[in-house]
Amino acid sequence: TCTSAACDEVSCPLGDPQTLVAPAPHGNGNAGYMFDTLATSTVTIAGFDIYPQGTLTGVEIYVKTGTHIGFETDAAAWTLVGSSPELSGDGTNPVPVPIAVDTTIDAGNTTAFYVTATGGGNVQYHNGTSRATVAVSDANITLFEGSGKSYPFGPGTNITRVFEGHIH
């Protein structure tokens, strides 16, 4: 994440953004996860790294203004940011998702993300305690515990799960 004031080529060059590292104790997984972010200052989310378990035959990232809670099965509430082909991992190392997210969140606003495999494999996450619980935060953004999710927007929702990966 970069703050608006710092997102110029000198202080936040392309390829060197600030990174929020979410905890990764692992534990279980599903096709994807939905989670909320709260911007402390205006930030631009550039992309994500995830922990794929096996070969994902595709990955999609969706965004929604506001919380994901209550919208886990409502595809019409979400906007597809992008998709990528196959992505592989052994579940122990984060792998960059080759999708430019480029989503700006104004200070004080909540934005939800849905990062999901479209087929094959799962993404790592772990059990949480409450979707109102902070998973990790820094001076710019707060990541809340969220929901494990089957693809695409199906009825399979696991509450409460925690995103494991990096937010750039």
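Residues numbered from 1 in each chain as written. Predicted model: local features only at pLDDT ≥ 70, side-chain atom pairs only at ≥ 80, totals over all residues. Heavy atoms only, no water.

Right, let's talk about the confidence of the model for the chain for a bit. Scored by pLDDT, the chain comes out at a mean of 90, with 90% of its residues at no less than 70. Across residues 1-16, where pLDDT falls below 50, the model places 26 contacts with residues more than four positions away in sequence or in other chains. (pLDDT = per-residue confidence, 0-100. Contact = heavy atoms within 4.5 Å.)

Reading across the sheet, the four strands line up as β2-β19-β6-β11 and stay open at both edges, with antiparallel pairing between neighbours. Of all strands in the sheet, those bounded by a partner on one side alone are β2 (20-21) and β11 (95-96). Looking at chain direction, β2 and strand β19 (residues 165-167) are connected through two bridges and run antiparallel. Its bridge partner lying in β19, L20 is registered against I167. (Pairing = 2+ DSSP bridges. Helix = DSSP H or I, 4+ residues; strand = E, 2+ residues; numbered from the N terminus.)

Looking at the secondary structure, you find G89 in strand β10 (residues 87-90). Along the backbone, G89 and N122 are 33 residues apart, and their C-alpha atoms lie at a distance of 9.9 Å. Here G89 is in contact with P52, Q53, G54 and V95, once residues within four sequence places are set aside.

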